[in-house]
Amino acid sequence: MRRPVQEMSLSFLDVICCGFGGIILLLMITKISLPLDVIEQVDDLSELVAEKEQILEEILDETIELEEVLDTSEADLAKLIPELDSLEKRLDELIEEYDSISELSAAKAKIHNDLLIARQSLTDEMARLLGTGFKRNNNTIGGITVDSEYIIFVIDTSGSMQLGAWAEVVAKVEEVLNVYPRVKGIQIMNDMGDYMFTNTRHQWIDDTPALRERIVNRLRGWKIYSNSSPVEGIETAISHFYDPDKLISIYVFGDDFQGRSVEDVVDRIDAVNVADENNNRRVRIHTVGFPVYFDAGYTATGVYMFTLLMKELSYRNNGTFVGLSRIRR
């Protein structure tokens with residue numbers, strides 16, 4: 001006999017329905033909250049990316065600035081390297097000049113106080129020009145060979161000479177002219193190679209009493225720029241007037257030398273006043289040094305440089321260096 005089937009109770013159905021409902025509710029909650037979390041994470045990542053991009057831009061800007069600074073520094077360095085080379089060269093020159101001055105310092109007292117005279121014998125040409133019985137009235141330029149038929153004055157017209165020795169310069173020019181009673185040609189220029197009489201450039205001026213008087217009168221008020229270096233004047237005199245058939249003497253008057261290298265000047269003059277096989281030069285170079293700075297009570301490097309330079313030039317070019325011990329007032 002069959003058992004009768006029992007019908008499900010209401011309470012069991014309620015449980016089943018509630019279970020399904022809970023599952024459906026969980027599914028709905030999960031599907032709703034999941035996109036929100038993803039959106040929040042995407043927003044966070046976007047902000048992070050934007051922040052990183054900003055940092056990257058700042059780094060790129062700094063890199064560009066650093067590259068510009070590097071380019072500028074390299075350009076400045078390229079400019080400084082030649083300056084450094086020039087300074088090193090100048091230092092070497094100063095060391096050489098200091099060595100030259102040191103060698104000269106031992107003779108300082110003698111240069112200051114003594115009149116340096118190089119005695120030379122009277123040549124046939126001197127006898128012809130002056131006469132065998134000629135006697136000088138003074139010896140202020142004694143020892144200077146006067147065998148030349150043509151003479152050129154190269155005179156330092158700088159401020160120190162104008163203020164401290166100009167009257168003596170005029171007197172010494174007159175004395176040199178008096179030593180030569182008669183020559184075939186005269187010329188006068190300053191240490192820069194500028195002519196006293198500009199209309200006589202490259203020309204000898206005929207020697208006359210009127211010319212000598214004109215030279216002396218013009219010299220008293222002759223003011224023209226000078227760089228206190230006799231180099232240009234000597235080079236101009238030799239290059240403009242050298243003639244193998246003429247006996248020429250250059251008289252350099254000065255008190256100091258503002259150049260940087262004695263050796264360079266000597267080499268330059270050697271190049272224009274070439275020696276022959278007997279070591280005779282195209283022209284003689286005589287020098288009269290004026291102790292302007294010594295008389296003023298102080299010394300300067302340029303004084304010793306001038307003495308060193310002109311002693312060497314006079315010696316190498318068959319001339320005489322005369323250093324005056326004082327300036328007459």
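Residues numbered from 1 in each chain as written. Predicted model: local features only at pLDDT ≥ 70, side-chain atom pairs only at ≥ 80, totals over all residues. Heavy atoms only, no water.

Looking only at helices and strands, one finds 10 helices and 5 strands in the protein chain. Taken over 329 residues, the protein chain has a buried fraction of 38%. Considering only intrachain contacts with a sequence separation of at least 6, the fraction spanning at least 24 residues in the protein chain is 81%. On the protein chain, roughly 20300 Å² of surface is accessible, and the fraction owed to carbon and sulfur atoms is 55%. (Helix = DSSP H or I, 4+ residues; strand = E, 2+ residues; numbered from the N terminus. Buried < 20%, exposed > 50% of the residue type's maximum accessible area, 1.4 Å probe, protein only. Contact = heavy atoms within 4.5 Å. Areas by Shrake-Rupley, 256 points an atom, 1.4 Å probe, with all protein chains shown as cover.)

Glancing now at the environment of V288. With respect to the helices and strands, the residue V288 is situated in strand β4 (residues 284-289). Separated by 33 residues in the primary sequence, V288 and F321 have C-alpha atoms spaced 6.2 Å apart. In this structure, V288 is in contact with V252, F253, G254, V322 and L324, ignoring residues within four places of it in sequence.

A word on the nonpolar core. By size, the foremost hydrophobic cluster in this structure holds 33 residues, and its most contacted members are F153, I155, V169, V173, L219, F253 and F290. The set of elements that each furnish at least two residues to this core consists of β1 (150-155), α5 (166-179), β2 (185-190), α6 (209-220) and β3 (248-254). Dropping the residues within four chain positions of it, F253 is found in contact with F153, V154, I155, D156, M161, V169, K172, V173, V176, V288 and F290. One finds I152, I248, I269 and V283 within the second-largest nonpolar core, a separate group that totals 26 residues. (Core = buried A, V, L, I, M, F, W, Y, C linked by side-chain atoms within 4.5 Å.)

Together, E53, E57, E58, D61, E62, E65, E67, E68, D71 and E74 make up a negatively charged patch on the protein surface. Here E58 shows up in helix α1 (residues 10-105). Residue class for E58 comes out partly exposed when judged on its relative accessible area of 43%. (Patch = residues over 30% accessible without salt bridge, like charges linked within 9 Å, V, L, I, M, F, W, Y side chains within 5 Å. Salt bridge = Lys/Arg side-chain N within 4 Å of Asp/Glu carboxyl O. Lys, Arg positive; Asp, Glu negative; His and termini not counted. Charge placed at Lys NZ, Arg CZ, Asp CG, Glu CD.)

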